[in-house]
Amino acid sequence: MIARADEVATRAKKLHADAIVVDTHLDAPDQLATKWADVATRGATDHFDIPRAREGGLTAPFFSIYVAASYADNGAAKRALELIDITHRVVDGHPKDLTLAGSVADVRAAKQAGKLAILMGIEGGHAIEDSLAVLREMYRAGVRYMTLTHTNTNHWADSSGPFYEPDFDPKKSALHDGLTAFGKDVVKEMNRLGMIVDISHVSDATIRDVLAISRAPVMASHSSCRAISNMPRNLTDDQIKQIAAKGGVVMINVGSGFLDQKVYDQFVARMAKMKPEYLKLKATYAKDPARLRTEMQALGKQMDKLPRAAWTKVVEHIEHVMTVGGEDAVGIGADFDGIEDPPVGFEDVSLYPKLSEELLRRGHSEAQVKKVLGENFLAMFARVEAAKAKLAGEPPLTTVYSPK
Ligand SMILES: [Zn+2]
């Protein structure tokens, strides 16, 4: 038995070193905006730095250009540009280790050169400030995907909402029944540009509309499976099937509540317990959101600590997408630096090799493991690039957003 286990470990190590490893959601820029650090130094952010990324065999992380809901109608494009600037500064500061990437070919070239390919994705469609011109400029600045909403519904797309607020009610986020006419033009223009449409965070109605109108495959950059943990940020089996049927991918989020129903249930119970006090605080600090945040953090600290999922749950979600959507439809979008509760045993970017070994141990082929690690994402990205090439004759959309 031991010899066999060692044989699997050896095979996993070799396969992982050869593989292209993509993670479509890493919140390092937001952490670096709060507290600048040299990413060559271990511990630069909670979950990322070059040494740990090298240990983890990471090839291509998407730096998240995460624009919090508080920036909606309040400097959202500026915030996005500041995080894009941070990303460029990080890459420019480490030319031997890092290179900015914007295509499938760039990612493969980076692997050849022994460098990490850094890509960018905007999180929160309010970042374009309702302007297709700003969307195009974001593409020119290097952005290759956009999550249509964050936890806030914007002027043209419904969000699944702020599920972590004690008075969370998804109905409050359902303002447009999915995408508005302008939102549909945003998706069309993203298809034309070759910017991947990301349906993490959006409502079920928005997912329905995107799947109906997108002329390119779509991605969930950091969402997991509702069949295993039934929470609003995860995807139903039916959604997974439809995303897969369009040539898209589901990139698994490793937050403990995303992975494990027991953790999510305890989280919901905790929210219910906090609700009366939360409503009082909300009324008292209605005009002082910063104070409300501080008070809520203090309240949270009085509550029981939530458990963490086991890291093998990540593999369970990967296998579930394989079963429901097929082996071409799954990858990793861990949400490192954006989650505070990674599972036990999968706490940062140094640990991706564990997934390769566990998948092999469970009987998946080396080709299948490589697909999960990065080839599925690259194949989907190539299909998005092909859709762009097909739409090359189409003029840029000039639709102007106007409030209803
Ligand atoms: Zn997110």
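In what follows, the structure referred to is the one given above.
Numbering of residues starts from 1 in every chain and runs along the sequence as written. For this predicted model, a pLDDT threshold of at least 70 governs which residues receive local features, and a threshold of 80 or more governs which side-chain atom pairs are given and counted, while totals over whole chains, interfaces and linings are taken from all residues. Hydrogens are left out, water is left out, and the side-chain values use all remaining heavy atoms of the structure.

Colleague: In this structure, what is going on with the overall build of the protein chain? I would like to understand it.
Modeller: The helix and strand labels rest on DSSP assignments: H or I over at least four residues marks a helix, E over at least two residues marks a strand, and numbering proceeds from the N terminus. Summing up its helical and strand segments, the protein chain has 15 helices and nine strands in all. With the radius of gyration taken over C-alpha atoms, the globule rule is written as 2.2 Å times the number of residues to the power 0.38. In terms of overall size, the protein chain behaves like a compact globule, its C-alpha atoms giving a radius of gyration of 20 Å where 404 residues would be expected to give roughly 22 Å. Its C-alpha atoms give the protein chain principal-axis dimensions of roughly 65 × 55 × 45 Å. The Shrake-Rupley method, run with a 1.4 Å probe sphere, supplies the accessible areas, and residue values consider only the shown protein chains as cover. On the protein chain, roughly 16,800 Å² of surface is accessible, and the fraction owed to carbon and sulfur atoms is 54%. His residues and chain termini do not enter the charge count, which takes Lys and Arg as positive and Asp and Glu as negative. Taken as the charge location is NZ of Lys, CZ of Arg, CG of Asp or CD of Glu. Across the protein chain, the centroid of the 51 positively charged side chains sits 1 Å from that of the 54 negatively charged ones.

Colleague: Just to check I follow, could you spell out empty space enclosed by the protein for this structure?
Modeller: If you roll a probe as big as a water molecule over the atoms, it shows you where there is empty space left. Buried and open spaces are told apart on a 1 Å grid over the protein atoms alone, a cavity being a set of points where a 1.4 Å probe fits but cannot get out and a pocket being an open set with protein on both sides within 12 Å along at least five of seven lines. Residues with an atom within 4 Å of a point are the lining residues. Grid points are joined across faces, edges and corners, and a volume is the space filled by probe spheres set on the points. Scanning the model with the defined rule gives one cavity of 30 Å³ or more in all. Here the largest cavity defines a volume of roughly 50 Å³. Lining the largest cavity are 14 residues, and of these Val202, Ile207, Pro232, Arg233 and Asn234 sit closest to its centre. Tallied by class, the residues present in the lining of the largest cavity amount to five nonpolar, six polar and three charged. Three residue categories are used. Nonpolar comprises Ala, Val, Leu, Ile, Met, Phe, Trp, Tyr, Cys and Pro, charged comprises Asp, Glu, Lys and Arg, and polar comprises the others, including Gly.

Colleague: What should I look at first to understand the nonpolar core in this one?
Modeller: Across soluble globular proteins, nonpolar side chains show a tendency to be buried alongside one another. Throughout this description, the term nonpolar core refers to a set of buried Ala, Val, Leu, Ile, Met, Phe, Trp, Tyr and Cys residues connected via side-chain atoms within 4.5 Å. Whether a residue is buried, partly exposed or exposed follows from its accessible area with a 1.4 Å probe, protein chains only, as a fraction of its type maximum: under 20%, in between, or over 50%, in that order. With 91 residues, the main nonpolar core has Phe48, Met146 and Leu148 as its most contacted residues. When residues in this core are grouped by element, the largest group, eight residues, is from helix α4 (residues 76–92). Ranked by size, the runner-up nonpolar core spans 22 residues in total, among them Ala60, Ala216, Met251 and Ala387.

Colleague: Could you clarify how one ought to interpret the packing of aromatic side chains in this entry?
Modeller: What characterises a pair of aromatic rings is the spacing of the ring centres plus the angle enclosed by the ring planes. Note on ring pairs: Phe, Tyr and Trp rings are taken, using the six-membered ring of Trp, and paired if centres are within 6.5 Å. Classes follow the plane angle, with under 30 degrees stacked, over 60 edge-to-face and the rest tilted. Enumeration according to the criterion identifies 13 aromatic pairs in this entry. Arranged with centres 6.0 Å apart and planes meeting at 80 degrees, the rings of phenylalanine 346 and tyrosine 352 form a pair that is edge-to-face. Owing to a relative accessible area of 0%, phenylalanine 346 belongs among the buried residues under this scheme. We count a charge as sitting over a ring when the NZ of a lysine or the CZ of an arginine lies within 6 Å of the ring centre and within 35 degrees of the ring normal. Here arginine 144 stacks its cationic end above the ring of tyrosine 139, 3.7 Å away from the centre of that ring.

Colleague: Honestly, the pattern of salt bridges in this entry has me stumped. Any pointers?
Modeller: Any two side chains of opposite charge can pair, on the condition that their charged atoms come close. Criterion for a salt bridge: a side-chain nitrogen of Lys or Arg within 4 Å of a carboxyl oxygen of Asp or Glu. Inspection of the entire model under this criterion finds 29 salt bridges. Two residues, glutamate 137 and arginine 140, come together in a salt bridge whose shortest N-O distance is 2.4 Å. Of this pair, glutamate 137 and arginine 140 both sit in helix α6 (residues 132–140), separated by three residues, roughly a single helical turn. Overall, glutamate 137 belongs to the partly exposed group, its relative accessible area being 44%. Each of Glu7, Arg11 and Glu366 takes part in one network of salt bridges that share partners.

Colleague: When you look at the layout of surface pockets in this model, what are you seeing that I'm missing?
Modeller: Volume-wise, the second largest pocket comes out at about 280 Å³. Looking at the lining of the second largest pocket, the elements that each hand over two or more residues are α1 (2–18), α3 (50–55), α5 (104–112) and α14 (352–361). For the lining of the second largest pocket, the element with the most residues is α1, which contributes five residues. Considering only residue class, the lining of the second largest pocket consists of nine nonpolar, six polar and seven charged.

Colleague: It is not clear to me how the packing of helix α9 (residues 237–245) against helix α13 (residues 312–325) should be interpreted in this structure. Could you clarify?
Modeller: How two helices sit against one another is set out by the angle between their axes and by the gap between those axes. Remark: α9 packs on α13, axes separated minimally by 9 Å, with the N-to-C direction vectors making an angle of 65 degrees. Comparing the axis directions of α9 and α13 gives the class roughly perpendicular. For the element pair α9 and α13, the recorded crossing hand is right-handed. From α9, Asp237, Ile240, Lys241 and Ala244 reach across to α13, where they touch His320, Val321, Val324 and Gly325. Here an axis means a line fitted to C-alpha atoms, over the contact stretch when the element is a helix, while the angle between two N-to-C directions is reported on a 0 to 180 degree scale. Angles are sorted into four bins: roughly parallel if under 35 degrees, roughly antiparallel if over 145, roughly perpendicular if 65 to 115, and oblique for all others. Put simply, a crossing is left-handed when the front helix is turned counterclockwise from the back one by less than a right angle, and right-handed when it is turned clockwise. Working rule for contacts: check all heavy atoms of both residues, and any pair within 4.5 Å makes them a contact.

Colleague: Any chance you could explain the pairing of strand β2 (residues 60–66) here in plain terms?
Modeller: Each regular strand displays side chains that alternate between the two surfaces of the sheet. Within β2, seven of the seven residues are buried, which leaves it mostly tucked inside the rest of the structure. Judged by which residues are buried, β2 turns out to be covered on both faces: Ala60, Phe62, Ser64 and Tyr66 on one side and Pro61, Phe63 and Ile65 on the other are all buried. Inspection of the sheet shows strand β1 (residues 22–26) paired to β2 by three bridges, in the parallel sense. Among the inter-strand pairings, valine 22 is bridged to a residue of β2, identified as alanine 60. Across five bridges, β2 lies against strand β4 (residues 116–123) in parallel orientation. Residue phenylalanine 63 lies in a different strand from β4, and its bridge partner there is methionine 120. Should DSSP find at least two bridges between two strands, the strands are taken to pair.

Colleague: Sorry if this is basic, but what is going on with the side chain of serine 160 here?
Modeller: Among the secondary structure elements, serine 160 is positioned in the loop between β5 (143–147) and α7 (181–193). Not counting residues within four places of it along the chain, the set of residues in contact with serine 160 comprises Phe168, His201, Val202, Ser203, Pro232 and Arg233.

Colleague: Before we go on, may I ask you to explain the side chain of aspartate 185 in this structure?
Modeller: Note on placement: aspartate 185 falls in helix α7. When its relative accessible area of 14% is taken as the criterion, aspartate 185 is described as buried. Once residues lying within four places of it in the same chain are set aside, the contact partners of aspartate 185 are Leu132, Leu397 and Thr399.

Colleague: I keep staring at the environment of threonine 151 and nothing clicks. Help me out?
Modeller: Tracing the backbone through its elements, the reader meets threonine 151 in the loop between β5 and α7. Separated by 155 residues in the primary sequence, threonine 151 and leucine 306 have C-alpha atoms spaced 22 Å apart. Polar contact is defined as a pair of N or O atoms within 3.5 Å, subject to the rule that within protein one atom must be able to donate a hydrogen and the other to accept it, and that residues adjacent in sequence are counted only when both atoms are side-chain atoms. In this structure the side chain of threonine 151 is engaged in a polar contact, spanning 3.5 Å, whose partner is the side chain of histidine 150.

From the geometry alone we can't say anything about function, so treat these as descriptive.
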